[in-house]
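Summary of structural features
What follows is the residue order along each chain.
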Amino acid sequence: MKLVVAIIKPFKLDEVKEALRAVGVHGLTVTETQGFGRQRGHTEVYRGAEYQVDFVPKVKVEVVAEDDQVQGIVDAITKSARTGKIGDGKIFVLPAEQVIRIRTGEMGPDAV
Amino acid sequence: MIDTGDTAWLLASAALVMFMTPGLALFYGGLVRAKNVLGTIMQSFFALALVTVLWVLVGYSLAFGPDVAGVIGGLDFWGLRGVGADPSPVYATTVPHIGFSVYQMMFAIITPALITGAVAERMKFSGYVLFLGLWSLLVYAPVAHWVFADGWLGLSGVGALDFAGGTVVHINAGAAALAALLFLGRRRGHGRDAFVPHNVPMVITGAAILWFGWFGFNAGSALGASGLAASAFTVTQVAAAAAVLGWLIPEVIRHGKPTTIGAATGAVAGLVAITPAAGFVEPWAAIVIGLAAGFVCFLAVDTKARIGLDDSLDVVGVHLAGGIVGALLTGVLASTAVNELSGGATIGKQTIGVAVTLGFSFLATLLILKFVDFVVGLRVPEEDEITGLDLSQHAEVGYTLQDRGGSPVHTGPVPSPGPDHERVEADSEVRR
C-alpha cells in the first residue's frame, strides 16, 4: 500500500476530486496548507510599506491506495491539477505500512 | 437664552464625537497584529473612562474656567460646580453650560487616544494609565484653554484660527505622538519582520465611524444649529472625499494598486486637515485642502518608513502632517463669505498656532514620559511584547477560533458540573 500526497493549487481541488473518483478512489483527506517552491510568494502593500509574503496557499490531498492503483491515481492528479504554469504543485508517493479502519478493526487492503 | 435647536444639535454632536473614540479603537485595532488587538482597543476605550472622570473633577475647569493670565483656566468649575442648565455667558451662549462642557469632554477623550497609535504594540498598560491622566490635565487642558477658551493663542490673543481643533486635537496629539515614539523606541523586529494589519475590514469600519462622528466634531463646533454648521458639515464631507483621491493617486503611481487601507487613511487625513478650516472655507477650498492633505500625508507616511521611525499606526504622518496642512491652508483659504472671522486670517498667525502647539506638546509630553517611565515604566518587557499585549496586559485573547482545551479555575468552592456537561455526554451516547 502507498500513501499518495499531492500539493495542488486550491482552485484545482474540485477537478482533482472528480478525477480521483473516476479512477475508483472512494476516500481522501484534504488539508489547507501553505508553502513555497519555485513559485515564490507575492507582495502586499499596507500604507505604502511593501511586504514580501513567502508562503503561497495550497491544498494537500492525501490518498491511500493499493500498489497497482498508484499509477492511475498519479496520472489522474497530474492531468487534473496541471495548468502548465509555475506553482502547479508536487506529488509524493510514500509506503504505507498499515491501514486500520477504526470502526471495525479491519486491517490492510480491506481497510482502504 | 437657551435655543432648543442649538441645544439639540450640540447634544447630538457630543454623542457623535463620543462615538469617534470606539471608532478609533477599531481603526487602530485592525491595524495591529492579532495578539495586540485588545490591548490597542483598550487604550482608546479606557480613555473614555479615565478622561471623563478627570474632566468632571478638574479638566473642564482647567480648560474653560475663568482665565488666569491667558495660560490656564481657574478652578472655579471643579467638579462642574456652577456648570448647569443655564448657558455660560462666554461659551455657546444659547446652550446649557453643562451641554457645552460634555461636548468638550468628548474632544478631551479622543485626543490622548489618538497618541496611542504611535506607540502601538509595546506600551505597558499601567504606564499608559498614568500617562493618559497626566497628559490630559497638563497638556490637553492648557492647549484647549489657549485656543478654544479665552487663552492667549486663539481669538482673544494671537488670533490663530482653529474652528474645531486642528491645533488642540490633531497637532497636539501628533506632536505628543512624535515625542512618545522617540522615547519608547521601535517595536522589536521593526524593519525585519512584517507588521501586517490583522483585520482590514475592522480598519475600514473604524474609519467609517470616525468619518461619521466627525460631523459632530466639525459641524458641532459651530455650537448651534446654524448655516455655519451646515457649511462645516458640507466641507467636512468634501475634504474627506477629496483626500481619498489625494492619497490613492500617488499610491497607484508608486505601488500600482489602490489599497483599502490607503483609502481609509486618506479619508482620515482629509478630516484632520479640514478640522481647523471647517467653519471658514467654501466647498471648493475643501477640495483643495483634502487633495493636499491626502497627498502630503501619503508622502509623510512614505518618508517615515525610510528614515526608520516606528510611528506604528502613523499618528505623526496623518494627524501632525495633516493638521499642519489644514492649519496653514486655513490661513490662505479662509473666506469672509463663510465666516466674518475669516477676515483676520493670516498664514503668519496660523504658523504661530502650529509652532506653539507643536513645541509645547512635544516638550511637555517628553517630561511626562520621563516621569511615568521613572515611576511605573512605559514599555512592556521583551517577553510580554512577543506574547502580545492582549494576554500579557489584559489576560484575554481577541480571537479563539479553535477549542484550546481548558476548564474553569475555581477560586472558591467547586460547583458540580451543570446540566450542559451531562447533555454533552448524552449526545455522544446517541451518536455512538
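The structure presented is a predicted model; accordingly, all values stated were derived computationally and were not measured. (Residues numbered from 1 in each chain as written. Chains lettered and ligands numbered in written order. Predicted model: local features only at pLDDT ≥ 70, side-chain atom pairs only at ≥ 80, totals over all residues.)

Concerning the overall build of chain B
- Secondary structure summary: chain B contains 14 helices and two strands in total.
- Scaling as 2.2 N^0.38, a compact globule of 432 residues should have a C-alpha radius of gyration of about 22 Å, and chain B matches this with 23 Å.
- Taken along the three principal axes of its C-alpha coordinates, chain B extends 80 × 55 × 45 Å.
- Taken over 432 residues, chain B has a buried fraction of 56%. (Helix = DSSP H or I, 4+ residues; strand = E, 2+ residues; numbered from the N terminus. Rg over C-alpha atoms; globule rule 2.2 N^0.38 Å. Buried ≥ 20, exposed ≤ 12 C-beta atoms within 10 Å, placed from the backbone.)

Regarding the overall build of chain A
- Helices and strands together make up the secondary structure of chain A, namely two helices and six strands.
- Helices and strands in chain A line up, N terminus first, as β-α-β-β-β-β-α-β.
- In terms of overall size, chain A is more extended than a compact globule, its C-alpha atoms giving a radius of gyration of 17 Å where 112 residues would be expected to give roughly 13 Å.
- Viewed in the frame of its principal axes, chain A has a C-alpha envelope of about 60 × 30 × 20 Å.
- With 112 residues in all, chain A has 20% of them scored as buried.
- Of all intrachain contacts in chain A linking residues separated by at least 6 positions in sequence, the fraction that spans at least 24 positions is 70%. (Contact = placed C-beta atoms within 7 Å.)

Observations regarding the interface of chain B and chain A
- Taken together, the 15 residues of chain B in the interface contact eight residues of chain A.
- Here the side of chain B that touches chain A is built from residues that sort into seven nonpolar, four polar and four charged. (Nonpolar A, V, L, I, M, F, W, Y, C, P; charged D, E, K, R; others polar.)

Quick notes on the nonpolar core
- Counting residues in each nonpolar core, the largest one holds 148 residues, and the members touching the most others are A177, A239, A243 and I289 of chain B.
- If you look at the next biggest cluster of nonpolar residues, it comprises 16 residues, including V25, V61, A65 and I73 of chain A. (Core = buried A, V, L, I, M, F, W, Y, C linked by C-beta atoms within 7 Å.)

Observations concerning the sheet that holds strand β6 (residues 89–95) of chain A
Residue and element names in this part refer to chain A.
- Ordered in space as β2-β5-β1-β6, the four strands form an open sheet in which the pairing is antiparallel. Strands at the two margins of the open sheet, each flanked by one partner only, are β2 (29–35) and β6. Sheet twist, expressed as the average angle between the axes of neighbouring strands with direction ignored, equals 20°.
- Bridge analysis of strand β1 (residues 2–8) against strand β5 (residues 56–65) gives seven bridges, and the strand direction is antiparallel. Opposite L3, over in β5, you have V64 as the bridge partner.
- Packing against the sheet, helix α2 (residues 70–81) makes contact with β1, β5 and β6, and its axis sits at approximately 5° to β1. (Pairing = 2+ DSSP bridges. Axes fitted to C-alpha atoms, helices over the stretch in contact; angles between N-to-C directions.)

A short note on helix α11 (residues 347–375) of chain B
Residues and elements named next belong to chain B.
- Helix length check: α11, at 29 residues, gives a terminal C-alpha distance of 42 Å against a target of 42 Å (1.5 Å per residue), a fit within 8%.
- Looking only at α11, the buried set comprises Q350, G353, V354, T357, L358, S361, F362, A364, T365, I368, L369 and V372.
- Residues of α11 that are buried in the fold lie against α4 (125–147), α5 (166–184) and α10 (315–333). (Expected span 1.5 Å × (residues − 1).)

As for the environment of T116 of chain B
Residue and element names in this part refer to chain B.
- By the element assignment, T116 lies in the loop between α3 (97–115) and α4.
- Its 29 C-beta neighbours within 10 Å are what place T116 among the buried residues.
- Sequence separation between T116 and L378 is 262 residues, and the spatial gap between their C-alpha atoms is 12 Å.
- Sequence-distant contacts of T116, that is, excluding residues within four places in its chain, are made with Y28, Q43 and S44.

Concerning the confidence of the model for chain B
- Looking at chain B, pLDDT values average 94 and 97% of them are 70 or higher.
- Confidence estimates for the predicted assembly give a pTM of 0.89 and an ipTM of 0.76. (pLDDT = per-residue confidence, 0-100.)

Details of helix α9 (residues 283–306) of chain B
- Helix length check: α9 of chain B (24 residues) gives 35 Å between terminal C-alpha atoms against 34 Å at 1.5 Å per residue, within 8%.
- Directly beyond the C-terminal end of α9 of chain B, a positive phi value near 75° is found at G308 of chain B.

A look at the environment of L132 of chain B
Residues and elements named next belong to chain B.
- Considering the arrangement of structural elements, one finds L132 in helix α4.
- On the neighbour-count criterion, L132 (24 C-beta atoms within 10 Å) is buried.
- The spacing of L132 and P112 is 20 residues in sequence and 6.5 Å in space, taken between C-alpha atoms.

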